[in-house]
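These are the residues of each chain, in order.
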Amino acid sequence: NAGVTQTPKFQVLKTGQSMTLQCAQDMNHEYMSWYRQDPGMGLRLIHYSVGAGITDQGEVPNGYNVSRSTTEDFPLRLLSAAPSQTSVYFCASSYSGGAGTQYFGPGTRLTVL
Amino acid sequence: GENVEQHPSTLSVQEGDSAVIKCTYSDSASNYFPWYKQELGKGPQLIIDIRSNVGEKKDQRIAVTLNKTAKHFSLHITETQPEDSAVYFCAASSTGGGADGLTFGKGTHLIIQP
């Protein structure tokens, strides 16, 4: 199994541009989440999904959209990038039913100029 | 919502000594407490977790203790080695760690001095 994969690894955008961060998992996990990591802030939840067709907001959802059309994929969209969205983004997946263990991808480092 | 405080932010220990990282949480309904290790340029990896029905759990050189009354939990690493150098995050969840459930501390940078 590849586990959780994320693309791209690095991305530079200009203010106002849009882009999609890709996330895929091959473990048949129902739960998927997006976090952002900023220096000294830990990991903060952006959006999450408990299954295909179901998404919800986390702690810091503004400026981001998500969709979950399949169990495997959970893309994160930035519609109009802002410098405040410069961060490292991590996707995670886990089993449902309260099993708990979240498996993280390798991350995407995004810089917005 | 849940709030997780983690201390210290940086911890430097001599190789072979023990390291202890402490976290407190605010939501008494929290019942799942994982610890993640993050190496430079990589995503966090689970190293150990504990649920609210136990007070202590060990896995080789790593142990976690939980005090539900005081709402704090700690990570203990014994006989530290250079490969233990990393950033460690604690987290808490009231939903068993489901997609919406993990609230993270801000991390501890552990440095193992040779």
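First, a word on what this report is: a plain description of the structure on this page.

What counts and what doesn't
Residues numbered from 1 in each chain as written. Chains lettered and ligands numbered in written order. Predicted model: local features only at pLDDT ≥ 70, side-chain atom pairs only at ≥ 80, totals over all residues. Heavy atoms only, no water. Helix = DSSP H or I, 4+ residues; strand = E, 2+ residues; numbered from the N terminus. Buried < 20%, exposed > 50% of the residue type's maximum accessible area, 1.4 Å probe, protein only. Pairing = 2+ DSSP bridges. Axes fitted to C-alpha atoms, helices over the stretch in contact; angles between N-to-C directions.

Considerations on unusual backbone geometry
Omega for the peptide link from threonine 7 of chain A to proline 8 of chain A comes to -5°, which places this bond in the cis form. As for its position among the elements, proline 8 of chain A is in the loop between β1 (4-7) and β2 (10-13). Residue proline 8 of chain B is bonded to the preceding histidine 7 of chain B through a cis peptide linkage, with omega at -5°. Relative to the elements of secondary structure, proline 8 of chain B occurs in the loop between β1 (4-7) and β2 (10-14). If you check the backbone angles, glutamine 60 of chain B has positive phi at about 60° while not being a glycine. If you trace the backbone, glutamine 60 of chain B turns up in the loop between β6 (56-59) and β7 (62-67). Residue class for glutamine 60 of chain B comes out exposed when judged on its relative accessible area of 79%. Phi is positive for lysine 71 of chain B, which is not a glycine, with a value near 55°. Inspection of the secondary structure assignment puts lysine 71 of chain B in the loop between β7 and β8 (72-77).

Observations concerning the sheet that holds β7 of chain B
Sheet strands pair via backbone hydrogen bonds, and the direction of the pair is either parallel or antiparallel. All names here are of chain B. Sheet architecture is open: five strands sit in the order β1-β3-β8-β7-β6, paired in antiparallel fashion. Each edge of the open sheet is held by one strand with a lone partner, namely β1 and β6. Taken pair by pair, the neighbouring strands of this sheet meet at an average axis angle of 15°, ignoring direction. Judged from the four bridges that link them, β6 and β7 form a sheet pairing that is antiparallel. Across the sheet, lysine 58 pairs through a bridge with alanine 63, a residue of β7.

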